[in-house]
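# Residue-level structure breakdown
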Amino acid sequence: MAARCLSEIAPYGPSTRDLTVLSDTVTAALIWRLSNRNEPNALQRSRAAMLLGQLASPVAMRQLAETAYGKPRQDRLGEPDFDYSNVRMAAIIGLLRMSTSAQAELLATIDADLVTLLQGWQAQDVASLVDYLEHPNNDSIEGLAALALGDLTMQLKPIRPNEADLALQALTHAFLDRDLKPASHWATAYALATIDLPTVKRAVIGPFLDQEATSAETAQRQQLRKCLAYLIGLLRDQDTRSHDFLVQRCIRNTTDPTLAAVAIDALARLADRRDKPLLERLAAGNPGKGDMPHFKGLSPADQIYVQRKAIDALANVGDANSIALLRESRLDPGRWSPKLEEALYRASEEIYWRLVQRQQV
C-alpha cells in the first residue's frame, strides 16, 4: 500500500526530504522481501518486484536488474540460482518502464546485451530476440529472450501474425528440441504459458505427449518432463491426457523428487478435488502402494521436500479433514519436521480462509 501511494503521490504534500526518507524505507523493505531467504513465496516476491518497478528509484531499478539478470536466489541446496520466472518477469517489466537513455546508463555496467535486448523488446524486434535465444552469450540473456518472445507472441498475433509465428516457432524449438540449461528451459516454459492454451497444446503439449511412450530415457527428457509439468500447471490444462501425465508419469512412476514436486505444484494449480486423497497421503508422508512406490527409497530430506509440496498443494484443494489428518501425522516425529510445521501453518490459514469465503457466498 505504501509503495502504491508513493508511486501515485502528487507533487504536493510532504517535504521532499520527508518523501525521500519514506521512499527509501519502503524501497528497502521491498528489497528485503525480494530475497527468497526472507520471503519463500515466489508470488509475494514477484509482487515486491512489481512495486519496486513502480517506485522506479535508481536503487530499486538496480535491484530489479540483479533479480532479472543475476542469480539472487538460494536453491534448496543453498547454491546461488536464478529466481523463478514469474519473479524475473516482474523485474524485467519494471526495467522496461525506463527510458532508453536510463536503461543504457544504469544497465550497461551489468551487460551491454541486456540493454540491447530490452530495446529490442520495446521495439518488438522479433528477429533480434530469436537470435538472442538461439545464439546466447550467456544463460541470463537466453532466459530473458525467451520471456520477451512469449510476451510479443500474443501482442503481435492480431497485427503481425507472421512475426508472432516466428516467435512461437523459436520458443517451441527451444523447448522441445534444444538441450537448454535448466534455468533457460524453465524460462521458456513460462514464456509459452503466456500464450493461449489451444496454441500451446497444438505446438508443444500434444507433440510431447505423443512421443512420451517411445522416447529414450535421457537427462534431457527428464528435464523436459519437469518443464512440461510446470507448463501444464501454469496453463491450468484440464485435459485428461495432461492430468494423467502429471499423476501417472510424474508422481507414481518416478524416482525423481523434483519431478514429483513440480507435478504436485501443477496439480495444485489445476485444483481438481479428485486429487485431494493422493495429496493428503503424500503430505502425511504415508503414500499408498500405488501413490508413489519409490517414496520410501528417497532420502529423508527429499521425502520432506515432497511432503512440503503436497501440504502446499492442499492449500488449494484441501478442507478441514485435510488439516485434521495432517495434525494427526504430526504425532509421528519420524515423519514430521519444522519445515512441515511451517507449511502446515500456511496451508491451514489458506484452507480456513477459503472455507470462510465459501460460506459467505
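Refer to the structure above for everything that follows.
Residues numbered from 1 in each chain as written. Predicted model: local features only at pLDDT ≥ 70, side-chain atom pairs only at ≥ 80, totals over all residues. Heavy atoms only, no water.

## Comments concerning the overall build of the chain
Helix and strand counts for the chain stand at 19 helices and two strands. For a compact globule of 361 residues, the expected C-alpha radius of gyration is about 21 Å, and the chain comes in at 22 Å, within 12% of that figure. Structurally, the chain occupies a C-alpha span of about 60 × 50 × 40 Å along its principal axes. Going through the 361 residues of the chain one by one, you find that 51% of them count as buried. A separation threshold of at least 6 residues defines the contact pool for the chain, and within that pool the share at least 24 residues apart is 66%. (Helix = DSSP H or I, 4+ residues; strand = E, 2+ residues; numbered from the N terminus. Rg over C-alpha atoms; globule rule 2.2 N^0.38 Å. Buried < 20%, exposed > 50% of the residue type's maximum accessible area, 1.4 Å probe, protein only. Contact = heavy atoms within 4.5 Å.)

## Re the packing of helix H4 (residues 58-69) against helix H5 (residues 85-96)
In contact at an axis separation of 8 Å, H4 and H5 are set at 140° when each is read in the N-to-C sense. Considered as vectors, H4 and H5 are oriented oblique to each other. By crossing handedness, the relation of H4 to H5 is classed as left-handed. Here H4 contributes Met 61, Leu 64, Ala 65, Thr 67 and Ala 68 to the contact with H5, which in turn contributes Val 87, Arg 88, Ala 91, Ile 92, Gly 94 and Leu 95. Taken together, the residues that form the contact of H4 with H5 break down as eight nonpolar, two polar and one charged. (Axes fitted to C-alpha atoms, helices over the stretch in contact; angles between N-to-C directions. Parallel < 35°, antiparallel > 145°, perpendicular 65-115°, else oblique. Left-handed = near helix turned anticlockwise from the far one by under 90°. Nonpolar A, V, L, I, M, F, W, Y, C, P; charged D, E, K, R; others polar.)

## Quick look at the packing of helix H10 (residues 161-176) against helix H11 (residues 182-192)
Where H10 meets H11, the closest approach of the two axes is 10 Å, and the angle between their N-to-C directions is 140°. In this view, H10 runs oblique relative to H11, as classed from their interaxial angle. As for how H10 packs across H11, the hand of that crossing is left-handed. Counting all contacts with H10, which are made through Leu 168, Leu 171, Ala 174 and Phe 175, the residues of H11 involved are His 185, Thr 188, Ala 189, Ala 191 and Leu 192. The class makeup of the residues in the contact of H10 with H11 is seven nonpolar, two polar and no charged.

## Remarks on the state of the cysteines
Inspection of the entire model under this criterion finds zero disulfides. Here Cys 227 is not cross-linked by a disulfide; its sulfur's nearest cysteine counterpart is in Cys 250, at 11 Å. Under the relative-accessibility criterion, Cys 250 is labelled buried at 0%. (Disulfide = S-S within 2.5 Å.)

## Quick look at the environment of Glu 39
Among the structural elements, Glu 39 can be located in the loop between helix H2 (16-33) and helix H3 (42-55). Within the local environment of Glu 39, its side chain forms a polar contact with the side chain of Arg 33, the two groups lying 3.5 Å apart. (Polar contact = N/O pair within 3.5 Å; in protein donor to acceptor, adjacent residues only side chain to side chain.)

## As for the side chain of Gln 303
Checked against the element boundaries, Gln 303 lands in helix H17 (residues 300-317). By relative accessible area, Gln 303 is classed as buried at 17%. A polar side-chain atom of Gln 303 sits 3.2 Å from the main-chain carbonyl oxygen of Leu 298. Ignoring anything within four residues of it in the chain, the contact list for Gln 303 reads Phe 295, Lys 296 and Leu 298.

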